[in-house]
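Below are the chains, spelled out letter by letter.
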Amino acid sequence: MSDTTRGLGSGRYTETIAEPDGVTTTVHQIRTSDRAQVSGVLRRPSGARTVVTLMHPRQDVTYHALVPYLLASDIAVWTQGSRSPNNDLNLLHEHAILDFAAGQALLRELDFDAVVTIGHSGGGTLSAFYIEQASLPSAQRLDHAPSGRPVALADADMPVPDGFVALAPHPGQGALLQRVIDPSVVDETDPCSRDRALDAFEPANGFVDAPESAHYEPEFVAAYRNAQRARVRRIDEVAAELVAQRRGADERFRTSKDATHRRAALAPALITVHRTDADLRNVDLTLDPNKRPYGSLFGRRPDLTNYGLVGFGRLATAEAWMSTWSATTTNADFVRCAAGISVPTLLLEFTGDQASFPSDITRFAAAIQAQDLTVDAVDGTHFGDRLREGEPTGNELASMRIVRWICDRFPI
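Basis of the calculations
- Position numbers for residues start from 1 in each chain and track the written sequence from start to end.
- Residue-level local features of this predicted model are given only where pLDDT is at least 70; pairs of side-chain atoms are given and counted only at 80 or more, and the full residue set underlies all totals for whole chains, interfaces and linings.
- Note that water and hydrogens are dropped before the side-chain values are worked out from all heavy atoms of the structure.
- Definitions used throughout: a 1 Å grid over protein atoms alone; a cavity as a set of points that fits a 1.4 Å probe which cannot get out; a pocket as an open set with protein on both sides within 12 Å along at least five of seven lines; a lining residue as one with an atom within 4 Å of a point.
- Grid points are joined across faces, edges and corners, and a volume is the space filled by probe spheres set on the points.
- Only DSSP runs of H or I reaching four residues or more are called helices, and only runs of E reaching two or more are called strands; each is numbered from the N terminus.
- When residue character is reported, Ala, Val, Leu, Ile, Met, Phe, Trp, Tyr, Cys and Pro are called nonpolar, Asp, Glu, Lys and Arg charged, and the others, Gly included, polar.
- Three exposure classes are used, based on accessible area relative to the maximum for each residue type with a 1.4 Å probe and protein chains only: buried under 20%, partly exposed in between, and exposed over 50%.
- Throughout, the arc means the angular range of directions from the helix axis out to the C-beta atoms.
- Note on geometry: axes are C-alpha line fits, over the in-contact stretch for helices, and angles between N-to-C directions span 0 to 180 degrees.
- Here is the rule for angles: anything less than 35 degrees is roughly parallel, anything more than 145 is roughly antiparallel, 65 through 115 is roughly perpendicular, and the remaining ranges are oblique.
- In this description, contact between two residues means that some pair of their heavy atoms is separated by no more than 4.5 Å.
- Each salt bridge in this description consists of a side-chain nitrogen of Lys or Arg and a carboxyl oxygen of Asp or Glu lying within 4 Å of one another.
- Strand pairing is defined by DSSP finding a minimum of two bridges between the two strands.
- Looking down the strands as they point away from the viewer, one classifies a crossover as right-handed if the path from the first strand across the helix to the second runs clockwise.
- The rule is short: rings of Phe, Tyr and Trp, with Trp giving its six-membered ring, pair when the centres are within 6.5 Å, and they are stacked under 30 degrees, edge-to-face over 60, tilted in between.
- The criterion for a charge sitting over a ring is simple: Lys NZ or Arg CZ within 6 Å of the ring centre, and within 35 degrees of the ring normal.
- The definition of a polar contact used here is a pair of N or O atoms within 3.5 Å, where within protein one atom must be able to donate a hydrogen and the other to accept one, and adjacent residues in sequence count solely through side-chain atom pairs.

S.K.: Would you mind showing me how to read the layout of surface pockets here?
M.R.: Rolled over the atoms, a probe sized like a water molecule indicates the empty space that remains. By volume, the largest pocket is sized at about 490 Å³. If you go around the largest pocket, you meet 19 residues; those closest to its centre are Arg-149, Arg-246, Arg-247, Ala-265 and Glu-319. Of all the secondary-structure elements, those providing two or more residues to the lining of the largest pocket are helix H5 (218-256), helix H6 (259-266) and helix H8 (318-325). Tallying contributions element by element places H5 first for the lining of the largest pocket, with 6 residues. Here the lining of the largest pocket is built from residues that sort into 8 nonpolar, 4 polar and 7 charged. Lining the second largest pocket are 19 residues, with Pro-293, Arg-300, Gln-354, Thr-381 and Asp-385 positioned closest to its centre. A class-by-class count of the residues in the lining of the second largest pocket yields 6 nonpolar, 6 polar and 7 charged.

Right, dumping it as structure tokens:
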């Protein structure tokens with residue numbers, strides 16, 4: 001049985017499907033305050049009073065592994081996409097939290113007693129950024145992205161969630177990229193260029209063949225981290241110049257009305273970033289130790305995947321670099337945003353995480369200002385896989401801990 005309704009004036013489209021297990025699934029397409037279109041799926045067990053929201057700035061979370069566990073506990077689940085799901089070419093986090101706001105506003109209209117947001121991985125920083133901005137008086141919210149582009153956060157309806165679960169949060173896309181970017185790249189136009197003295201996969205620096213753990217001396221680690229920061233700042237300079245060129249062309253067009261200037265303003269200013277799978281901790285398991293397996297989020301051989309197509313921030317507009325991928329200029333930094341989090345919070349670590357490490361969890365816990373703060377850990381890898389055959393998955397263990405935390409605070 002299905003019931004389809006259209007609300008063209010409100011910019012909303014809704015389709016409801018009654019499922020045989022008693023969970024009603026509703027597909028929503030909604031307009032953000034700046035008129036972008038986003039979509040989400042609401043799954044609601046009969047009588048559910050609390051809804052959990054899941055959103056990631058870059059990924060489709062419609063079928064996130066936690067969904068069936070939450071539904072089985074009579075908790076409704078809202079999974080939402082951004083305005084450009086699975087496409088981070090022009091991802092501005094300031095736009096992503098406007099997308100987030102549209103979903104939160106919709107849920108406040110649907111007769112729930114409590115709304116709890118779960119931010120997994122990069123969704124953790126997205127949620128933290130949203131909560132920080134939503135908790136401010138509208139006049140104090142950001143009015144522009146790092147590139148200078150205006151963003152109308154002050155005009156947006158931004159309901160504050162009743163609770164926040166940060167599951168395996170990493171420090172933010174920019175901070176994450178800074179620690180996985182390969183500092184040995186000496187020519188940004190040559191993906192194979194390298195300075196051997198800064199190459200993590202050079203045996204002379206402590207690397208051994210996979211899967212045996214490498215061992216890097218403290219002096220190399222310090223030099224490597226400094227060089228990573230330096231490379232990010234070099235790309236920052238390129239991004240700032242590209243943004244300035246486009247802004248200058250736009251200003252010239254306003255005066256001249258010459259289409260040539262307008263074309264220059266519209267032409268995409270793209271930045272290619274080679275080799276972004278080179279965090280020392282993924283191959284040296286003695287650094288920031290936990291139960292993680294050898295390898296990165298992208299594969300078991302970072303010495304190879306580092307040279308491949310897939311990786312964080314590989315291709316982005318200059319504006320997206322400044323908003324999302326630069327640790328220097330991004331606003332979406334977990335530690336920065338944590339100071340604005342006062343709602344009840346569960347900070348949940350995976351003990352075998354390859355992207356969020358024990359030192360991160362310690363910093364996050366110290367930065368979050370919520371009086372009701374629970375810090376806990378369950379076995380699992382970053383995406384919730386099991387650590388050993390025959391054991392429960394991380395997602396199973398996390399769901400049990402999350403449900404218990406929610407039940408202690410909110411009506412089910």
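S.K.: How should I be thinking about helix H10 (residues 358-367) in this particular structure?
M.R.: Regarding H10, the residues found buried are Asp-360, Ile-361, Phe-364 and Ala-367. Taken around the axis of H10, the buried residues stretch over an arc of 130°, which confines them to a single face. Exposed residues lying more than 90 degrees from the buried face of H10 are Thr-362 and Ala-366.

S.K.: Any chance you could explain the packing of helix H2 (residues 93-108) against helix H3 (residues 122-134) here in plain terms?
M.R.: The geometry of a pair of packed helices is captured by two quantities: the angle between their axes and the separation between those axes. Closest axis-to-axis distance for the H2/H3 pair is 10 Å, and the angle between their directions is 75°. Judged by the angle between their axes, H2 and H3 are roughly perpendicular. In contact with His-93, Glu-94, Ala-96, Ile-97, Phe-100, Ala-101 and Gln-104 of H2, H3 contributes Leu-126, Ser-127, Phe-129, Tyr-130 and Gln-133. Taken together, the residues that form the contact of H2 with H3 break down as 7 nonpolar, 4 polar and 1 charged.

S.K.: Looking at this structure, how should I read the pattern of salt bridges?
M.R.: Between side chains of opposite charge, a pair can form as their charged atoms come close. On inspection of all chains with the given rule, the structure shows 26 salt bridges. Between Asp-250 and Arg-262 there is a salt bridge whose closest N-O contact spans 3.0 Å. Here the residue Asp-250 occupies a position in helix H5, and Arg-262 occupies one in helix H6, the gap between them amounting to 12 residues. Using a relative accessible area of 32% as the deciding quantity, one classes Arg-262 as partly exposed. Two residues, Arg-281 and Asp-288, come together in a salt bridge whose shortest N-O distance is 3.1 Å. Considered together, Arg-281 and Asp-288 belong to a single accessibility category, that of buried residues. When salt bridges with common partners are traced through the structure, they connect Arg-194, Arg-196, Asp-199 and Glu-202 into a single cluster.

S.K.: Help me understand the pairing of strand S11 (residues 345-350) in this model?
M.R.: Across the 6 residues that make up S11, a large majority, 6, are buried. Looking at chain direction, strand S8 (residues 163-167) and S11 are connected through 4 bridges and run parallel. In the strand pairing of S11, Ala-166 is matched with Leu-347. Pairing analysis gives 6 bridges linking S11 to strand S12 (residues 373-378), with the strands arranged parallel. Considered in S12, the bridge of Phe-350 is made with Val-378. For the segment spanning S11, H10 and S12, crossover handedness is right-handed.

S.K.: Help me out: how do you make sense of unusual backbone geometry in this one?
M.R.: Keep in mind that most residues, glycine aside, have a negative phi and that most peptide bonds are trans. The omega torsion across Ala-210 and Pro-211 is 5°, close enough to zero to call that bond cis. Tracing the backbone shows Pro-211 in the loop between helix H4 (173-180) and H5. Residues other than glycine seldom take positive phi values, yet Lys-257 does so here, at roughly 60°. With respect to the helices and strands, the residue Lys-257 is situated in the loop between H5 and H6.

S.K.: Would you explain the packing of aromatic side chains in this entry?
M.R.: Any aromatic ring pair is given by two values, namely how distant the centres are and how the planes are angled relative to each other. In total, this model carries 8 aromatic pairs according to the counting rule given. Plain terms: the ring middles of Phe-201 and Phe-207 are 5.4 Å apart, the flat faces sit at 90° to each other, and that makes the pair edge-to-face. For Phe-201, a relative accessible area of 13% corresponds to the buried category. Here the aromatic cluster, defined as three or more aromatic residues joined through ring pairs, consists of Tyr-216, Phe-220 and Tyr-224. Between the NZ or CZ atom of Lys-257 and the centre of the ring of Phe-253, over which it lies, the distance is 5.5 Å.

S.K.: Where do I start with the side chain of His-382 in this structure?
M.R.: Residue placement: His-382 occurs in the loop between S12 and helix H11 (394-407). Under the relative-accessibility criterion, His-382 is labelled buried at 0%. A polar contact is formed between the side chain of His-382 and the side chain of Asp-353, at a distance of 2.7 Å. The residues contacting His-382, other than those within four sequence positions of it, are His-120, Ser-121, Ala-168, Leu-297, Phe-350, Gly-352, Asp-353, Gln-354, Ala-355 and Ser-356.

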